[in-house]
Amino acid sequence: MFDFLPASKLGHVAAKNRSGDAVERVLSRQDFATARAEITQWQGYAPTPLISLAALAAKIGVGDILYKDEGPRFGLGSFKALGGSYAAQRVLQRQISAQMGQEVSLEDIRRGRYKAQAAGITLVSATDGNHGRSLAWGCQRFGAPCRIYIHAEVSEGRAEAMRDLGAEVIRIAGDYDASVILAKQEAAENGWFVVSDTSWEGYFEPPRDVMAGYGVMTQEICDSLDQAPTHVFLQGGVGGLAAGVVAGLRQHWGAQGPRVVIVEPELAACLFESGRSGEATSFAIQTETLMAGLSCGEPSGMAWEILAEEVSDFLTIPESLVAPTLRLLARPLPGDQAIEAGESAIAGLAALIAARQDAELSQQLGLTAASRVLLIGSEGVTDPAIFAQIMGESDAV
């Protein structure tokens, strides 16, 4: 049907119906409000653009495509700048308050009033790139040492970006989930503090803070719209981005909020398998996806609590869609704005275009000519070498 993206069969699972209060219980309105009040005071804060891809929407037969471009966020290139840095600040606030025997404010941490104490608190995390870069940036600003664990397939360009922010980067031979295990183990052995975007039993405060930070992005979206989108297509990964966005949208729009569709690489489909089984389910990654930020085999339990109640559909996309979709954004249809995006940013758009080439799937997803679809362009060009390579490839399929 379309000459700019290969027709592809997507994996689809319709979510099992369940109801609950996770969007208020797991992430409260106060969690979002506290994060928003602090992050909007950071130097360099500015809302990122919400771009209408009207020509593309007309081409594929939907009412509008709204693309939230997180590339400009704090000069770090991704939405993760809102999460890891804020969670680091909150860890420092809690730990220094305990050391001092008095409440230390987020403003105190931001203004460097306890840098001597922060210098003795080492923060660590595993990452595919963007979360670690955000954590390193936060540690540099707040005065804390930072250790970042990366797996074998994380590009050297992304590793160097974290080193440039003062982080010690430890590369392991295994995958992302193995790097998470090692970060936890070495933190426990050395008295360091893990700042992760995924939760596990007994560990929930930093992942909640990460998702609360993402609420700044969601509020920017809501503030710029006079009606809710009909659909939101959200990247998978461990689920933190999706859960944070879903909770914010539901709190703002209530029952009028959009239908939620989760999109993952077929090579890293832990949320898809969780949707199929009805409970948080691991996925054994055999081959790394080009969408590096979504290469996660273990869902966040806290995020899954929200997604289990709010998601309508789970989709997987093949690797063959990644490069053509990235090039389509950079070289758009006449009338649409050019957007330079990273590999993990295009999952939702790739799935939307592919779904509109499949009449049965479009019907299952409730997509029509009147649909207004929100997409989160989660990263800009976070690895220029990879972007240049993709842009130089042929569009032929």
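See the structure shown above.
Residues numbered from 1 in each chain as written. Predicted model: local features only at pLDDT ≥ 70, side-chain atom pairs only at ≥ 80, totals over all residues. Heavy atoms only, no water.

Quick look at the overall build of the protein
Going by this rule: Think of it this way: any DSSP run of H or I at least four residues long counts as a helix, any run of E at least two long counts as a strand, and we number them from the N terminus. Here the radius of gyration uses the C-alpha set of atoms, whereas the globule reference equals 2.2 Å times the residue count to the power 0.38. Relative accessibility decides the category of a residue: with a 1.4 Å probe and only protein chains considered, values under 20% of the type maximum give buried, values over 50% give exposed, and everything between is partly exposed. Whether two residues touch is decided by their heavy atoms; if any such pair falls within 4.5 Å, the residues are in contact.
Along its length, the protein carries 17 helices and 11 strands. Computed over C-alpha atoms, the radius of gyration of the protein comes to 20 Å, within 12% of the 21 Å expected from 2.2 N^0.38 for 397 residues, which places it in the range of a compact globule. Considered along the principal axes of its C-alpha atoms, the protein spans approximately 65 × 45 × 40 Å. Here the protein holds 397 residues, and 60% of them are scored as buried. Long-range pairs, those at least 24 residues apart, make up 75% of the contacts in the protein with a sequence separation of at least 6.

Let's talk about the environment of Gln-99
Position of Gln-99 relative to the elements: it lies in helix H4 (residues 84-100). For the pair Gln-99 and Gln-117, spaced 18 residues apart in sequence, the C-alpha to C-alpha distance is 8.5 Å.

Things to note about the pattern of salt bridges
Rule in force here: The salt bridge criterion pairs a side-chain nitrogen of Lys or Arg with a carboxyl oxygen of Asp or Glu, the two atoms within 4 Å.
Counted under the stated rule, the structure contains 23 salt bridges. Note that Asp-209 is salt-bridged to Arg-90, the shortest N-O span being 3.3 Å. Of this pair, Asp-209 sits in helix H10 (residues 205-223) while Arg-90 sits in helix H4, placing them 119 residues apart in sequence. We note a salt bridge from Asp-313 to Arg-259, for which the minimum N-O separation is 2.8 Å. Pair noted here: Asp-313 is in strand E10 (residues 311-317) and Arg-259 is in strand E9 (residues 259-265), with a separation of 54 residues, a long-range link. For Asp-313, a relative accessible area of 1% translates into the label buried. A relative accessible area of 28% means that Arg-259 is categorised as partly exposed.

Overview of the state of the cysteines
Spelled out, the test is: Disulfides are defined as cysteine sulfur pairs within 2.5 Å.
Within this structure, the stated rule accounts for zero disulfides. Free of any disulfide, Cys-139 has its nearest neighbouring cysteine sulfur in Cys-146, separated by 4.0 Å. A relative accessible area of 2% means that Cys-139 is categorised as buried. According to the relative accessible area criterion, Cys-146 is buried, its value standing at 6%.

Some details on the sheet that holds strand E8 (residues 231-235)
Note the following rule: Note on pairing: DSSP must find at least two bridges between two strands before they are called paired. Working convention: axes come from line fits to C-alpha atoms, limited for helices to the stretch in contact. Angles between N-to-C directions cover 0 to 180 degrees.
The strand order E1-E10-E9-E8-E11-E3-E2 describes an open sheet built from seven strands, whose pairing is mixed. Two strands lie at the open edges of the sheet, namely strand E1 (11-14) and strand E2 (50-52), each paired on one side alone. In this sheet, adjacent strand axes meet at a mean angle of 25° when their direction is disregarded. Here three bridges tie E2 to strand E3 (residues 64-69), and the two strands are oriented antiparallel to one another. Bridging across to E3, Ser-52 finds its partner in Leu-66.

Topic: helix H7 (residues 130-142)
Here is the rule: By this rule, a helix spans an expected 1.5 Å times one less than how many residues it contains.
Taking 1.5 Å of rise per residue, 13 residues should cover 18 Å, and H7 covers 18 Å from first to last C-alpha, within 8% of that figure. For H7, the complete set of buried residues consists of Asn-130, His-131, Gly-132, Arg-133, Ser-134, Leu-135, Ala-136, Trp-137, Gly-138, Cys-139 and Phe-142. At the exit of H7 stands Gly-143, carrying a positive phi of roughly 90°.

A few points about the side chain of Asp-336
Basically, it comes down to this: For the purpose of counting charges, residues Lys and Arg are taken to be positive, whereas Asp and Glu are taken to be negative. His and the chain ends are not included.
As for its position among the elements, Asp-336 is in the loop between helix H14 (322-330) and helix H15 (347-355). This buried residue, Asp-336, is left without a salt bridge; Lys-59 holds the nearest opposite charge, at 11 Å. Excluding residues within four positions of it along the chain, Asp-336 makes contact with Ser-52, Leu-53, Ala-54, Ala-55 and Leu-56.

Considering unusual backbone geometry
Phi at Phe-74 is positive, roughly 55°, even though this residue is not glycine. Secondary-structure assignment places Phe-74 in the loop between E3 and H4. Of the residues examined, Phe-74 reaches a relative accessible area of 13% and is grouped as buried.

A closer look at the nonpolar core
Note the threshold: Only buried Ala, Val, Leu, Ile, Met, Phe, Trp, Tyr and Cys residues count toward a nonpolar core, and they belong to the same one when joined by side-chain atoms within 4.5 Å.
Leu-92, Leu-123, Leu-234, Ile-262, Ile-306, Leu-307 and Phe-314 are the most contacted members of the largest nonpolar core, which totals 81 residues. Setting aside chain neighbours within four positions, we find Phe-314 in contact with Gly-11, His-12, Val-13, Ala-15, Ile-262, Leu-271, Phe-272, Gly-275 and Trp-304. If you look at the next biggest cluster of nonpolar residues, it comprises 39 residues, including Leu-294, Leu-315, Ile-317 and Leu-375.

Remarks on the packing of aromatic side chains
Inclusion rule: Note on aromatic pairs: the rings of Phe, Tyr and Trp (six-membered ring only in Trp) are paired at centre separations within 6.5 Å, and the planes decide the class, stacked below 30 degrees, edge-to-face beyond 60, tilted for the rest.
Taken as a whole and assessed by the stated rule, the structure comprises eight aromatic pairs. Look at Trp-42 and Phe-142: their rings are 6.5 Å apart centre to centre, the planes differ by 65°, and that puts the pair in the edge-to-face class. In this pair, Trp-42 is assigned in the loop between helix H2 (29-39) and E2 and Phe-142 in helix H7, connecting sequence segments 100 residues apart. Across the pair, Phe-142 and Trp-42 agree in class, each one buried. Between Tyr-45 and Phe-74 the ring centres are 6.3 Å apart and the planes differ by 45°, which places this aromatic pair in the tilted class. Highlighted residues: Tyr-45 in the loop between H2 and E2 and Phe-74 in the loop between E3 and H4, separated in sequence by 29 residues. Overall, the relative accessible area of 23% leaves Tyr-45 in the partly exposed class.

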